[in-house]
Amino acid sequence: MHAQRRRKQYLWCWIFVLPTTLFYAGFQAWPILSSFYYSMLDWSGISSSKTFVGLANFAELLQDPWFWNAFANSFRYMVFSVPPLIVVSLLLAVLLNEQTLRGRGAFRTMFFLPVVTTASIVGIIMQFIWSPTGAINALIQLFGAERAVNFLGQAGTALPTVAFIGVWKDVGIYMIYWLAALQSVPRDVVEAAEIDGANKWKVFWKITVPIILPIAGVITLLAVINSLKVFDIVQTMTGGGPYFATDVMGTFVYRTAYESSVGMPRLGYASAAAMLFGFTVILIGVAGNALKGRITRHRVD
């Protein structure tokens, strides 16, 4: 009877898991397997002519300077966006976690609103705001700037500007992650430290940080991986320009696979680029997870 009851429980578990499994297989696993297959073809994606070329697409990618430009820009975007994203979202979470702060709910909503706004809409609006005749230039000219700055039209400022917009848009979701981490800190431990005379900085550094450190590693790893997958903000704001200065892997793959402005689309070549960069991101995730585990164990010890 006991074994029959357990089998029934397992059956119900699989019934509830099945829809998610099917969606994952259809929208994640199958596209990945298809991309791996396409990466070994010389195929435009629109013609019926497909030629199996094995690893030739990967070999060509290793010699493609535009691929390596997009590869490097993806990591530059990560460097520009992840540190301020982590720091600003943590500061906001610490401030909004204060029980004495009035209107905490309103502030949380205000900072979270950009997260639920469509990235393409944000990109289009930000094009106007950051243009030479936009609000940002009007503001800096009020403080004495003689000429307007073409933030999105200059190679030196385009990628940092896009990264700044990305941080503004995503800071709300990471603020929520940090709030969840901060609220996991036992209140009685904090109160005991405050009674013993510890100020807020000592409480944060000596008590809060060690407790939330494992979650902090996860949040940082998520921010790194998500920054490397950036596409929509860059595509709508700059399209990879000017002169490919903001061309990241997402825009490189999109342009190679679908845009005829570079000649006949090369879906197979774009799939190889996506697979190669995806493998790199996986390695970063594995390495980051291992490093997080070592740091956490060292901190606990």
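It should be emphasised that the depicted structure is a prediction, and the values quoted were computed from it without experimental measurement.

*Asks:* Requested: an account of the overall build of the protein, with residues and values cited.
*Replies:* When helices and strands are counted, the protein shows 12 helices and two strands. Listing the helices and strands of the protein from first to last along the sequence gives α-β-β-α-α-α-α-α-α-α-α-α-α-α. The C-alpha extent of the protein, read off along each of the three principal axes, is 80 × 75 × 35 Å. Evaluated residue by residue, the protein yields a buried proportion of 36% over its 301 residues. For the protein, the share of sequence-separated contacts (at least 6 apart) that also reach a separation of at least 24 residues comes to 68%.

*Asks:* Account for the environment of Q235, naming residues and giving values.
*Replies:* Mapped onto the elements of the fold, Q235 is located in helix α10 (residues 232-237). Beyond its immediate chain neighbours, meaning those up to four positions away, Q235 contacts T251, Y254 and E259.

*Asks:* Break down the pattern of salt bridges for me, with residues and values.
*Replies:* For the structure on display, the rule yields four salt bridges. Residues R187 and E191 are paired through a salt bridge, measuring 3.6 Å at the closest nitrogen-oxygen approach. With a gap of four residues between them, R187 and E191 both fall in helix α8 (residues 187-195), about one helical turn apart. The class of E191 is partly exposed, set by a relative accessible area of 38%. With a closest N to O distance of 2.8 Å, D247 and R255 form a salt bridge.

*Asks:* If you had to explain the environment of A192 to someone new, which residues and values would you point to?
*Replies:* With respect to the secondary-structure elements, A192 resides in helix α8. The class for A192 is partly exposed, based on a relative accessible area of 38%.

*Asks:* Pulling in residues and values, what's your account of the nonpolar core?
*Replies:* With 45 residues, the main nonpolar core has L61, F67, W178, M249, F252 and A273 as its most contacted residues. For this core, the secondary structure elements donating two or more residues are α2 (56-61), α3 (65-96), α7 (155-182), α8, α9 (200-228), α11 (249-258) and α12 (267-300). Take this core: its biggest share by element is 11 residues, from α3. In terms of nonpolar packing, the next biggest core, distinct from the first, is built from 16 residues, W130, L152, L159 and V162 among them.

*Asks:* Give a description of the layout of surface pockets that names residues and reports values.
*Replies:* The volume enclosed by the largest pocket comes to roughly 1,000 Å³. Lining the largest pocket are 28 residues, and of these S35, K229, A274, M275 and G278 lie nearest its centre. Those elements that provide at least two residues to the lining of the largest pocket are α1 (2-38), α9, α11 and α12. Considering each element in turn, the lining of the largest pocket owes the most residues, 10 residues, to α12.

*Asks:* Tell me about α7, residues and numbers included.
*Replies:* Structurally, the α-helix is built with 3.6 residues per turn, so residues lying three or four positions apart point the same way. Counted at 1.5 Å a residue, the expected span for α7 with its 28 residues is 40 Å, and the 39 Å between its end C-alpha atoms agrees. At D170, α7 shows its maximal bend, which comes to roughly 45 degrees.

*Asks:* Any details on the packing of aromatic side chains? Residues and values, ideally.
*Replies:* The full count for this structure, using the stated rule, is 19 aromatic pairs. For the pair F67 and F252, a centre-to-centre distance of 5.9 Å together with 65 degrees between the ring planes defines the contact as edge-to-face. Linking F67 in helix α3 with F252 in helix α11, this pair joins segments that are 185 residues apart in sequence. You'll find F67 and F252 in the same group, each marked buried. Their ring planes at 75 degrees and their centres at 6.2 Å tell us that F75 and F277 sit as a pair that is edge-to-face. In this pair, F75 sits in helix α3 while F277 sits in helix α12, placing the two residues 202 residues apart along the sequence. Relative accessible area serves as the criterion here: at 21%, F75 is assigned to the partly exposed category.

*Asks:* Which residues make up the environment of F80, and what values go with them?
*Replies:* Inspection of the secondary structure assignment puts F80 in helix α3. F80 gets classed as partly exposed once you look at its relative accessible area, which sits at 38%. In this structure the C-alpha to C-alpha distance between F80 and M110, which are 30 residues apart in sequence, comes to 24 Å.

*Asks:* How would you explain the packing of α3 against α9 if you had to name every residue and give the values?
*Replies:* The N-to-C vectors of α3 and α9 enclose an angle of 145 degrees; their axes lie 10 Å apart at closest approach. Between α3 and α9 the crossing geometry is right-handed. Residues S74, F75, Y77, M78, S81, V82, L85, I86, L90 and V94 of α3 form the contact with α9, whose participating residues are F204, I219, T220, A223, V224, S227 and L228. A per-class count over the contact of α3 with α9 returns 13 nonpolar, four polar and no charged.

*Asks:* Account for the packing of helix α4 (residues 104-116) against α7, with residues named and values stated.
*Replies:* Two elements in contact, α4 and α7, have axes separated by 6 Å at closest approach and are oriented at 125 degrees. Compared by their axis directions, α4 and α7 come out oblique. Considering the relative orientation of α4 and α7, their crossing is left-handed. On α7, the residues touching R108, F111, F112, P114 and V115 of α4 are W168, K169, G172, I173, M175, I176 and L179. Within the contact of α4 with α7, the residues separate by chemical class into nine nonpolar, one polar and two charged.

The rules behind these values
Every chain begins its residue count from 1, and numbering advances along the sequence as written. Local features in this predicted model are restricted to residues of pLDDT 70 or higher, and side-chain atom pairs are both shown and tallied only at a pLDDT of 80 or more, whereas totals for entire chains, interfaces and linings draw on every residue. Calculation of side-chain values draws on the structure's entire complement of heavy atoms; hydrogens and water are dropped beforehand. Here a strand is any run of E in DSSP of at least two residues, a helix any run of H or I of at least four, and the numbering for each starts at the N terminus. Burial status follows relative accessibility: with a 1.4 Å probe on protein chains alone, a residue under 20% of its type maximum counts as buried, one over 50% as exposed, and anything between as partly exposed. Throughout, a residue-residue contact means that at least one pair of heavy atoms, one from each residue, lies within 4.5 Å. Any Lys or Arg side-chain nitrogen found within 4 Å of a carboxyl oxygen on Asp or Glu counts as a salt bridge. Think of a nonpolar core as a cluster: buried Ala, Val, Leu, Ile, Met, Phe, Trp, Tyr and Cys residues, connected wherever their side-chain atoms sit within 4.5 Å. Every definition here rests on a 1 Å grid over the protein atoms only: cavities are sets of points where a 1.4 Å probe fits but cannot get out, pockets are open sets enclosed by protein on both sides within 12 Å along at least five of seven lines, and lining residues have some atom within 4 Å of a point. Grid points are joined across faces, edges and corners, and a volume is the space filled by probe spheres set on the points. Each residue after the first adds 1.5 Å to the expected span of a helix. Two axes enter the definition of the bend at a residue: one is fitted to the seven residues ending there, the other to the seven starting there, and the bend is the angle between them. Pairing of aromatic rings covers Phe, Tyr and the six-membered ring of Trp, with a centre-to-centre limit of 6.5 Å; geometry is then stacked below 30 degrees between planes, edge-to-face above 60, and tilted otherwise. Lines fitted to C-alpha atoms define the axes here, with helix axes fitted over just the stretch in contact, and angles between the N-to-C directions of these axes take values from 0 to 180 degrees. Take the far helix as the reference: if the near one is turned anticlockwise from it by less than a right angle, the crossing is left-handed, and if turned clockwise, right-handed. When residue character is reported, Ala, Val, Leu, Ile, Met, Phe, Trp, Tyr, Cys and Pro are called nonpolar, Asp, Glu, Lys and Arg charged, and the others, Gly included, polar. With respect to orientation, any angle under 35 degrees is reported as roughly parallel, any angle over 145 as roughly antiparallel, any angle of 65 to 115 as roughly perpendicular, and every other angle as oblique.

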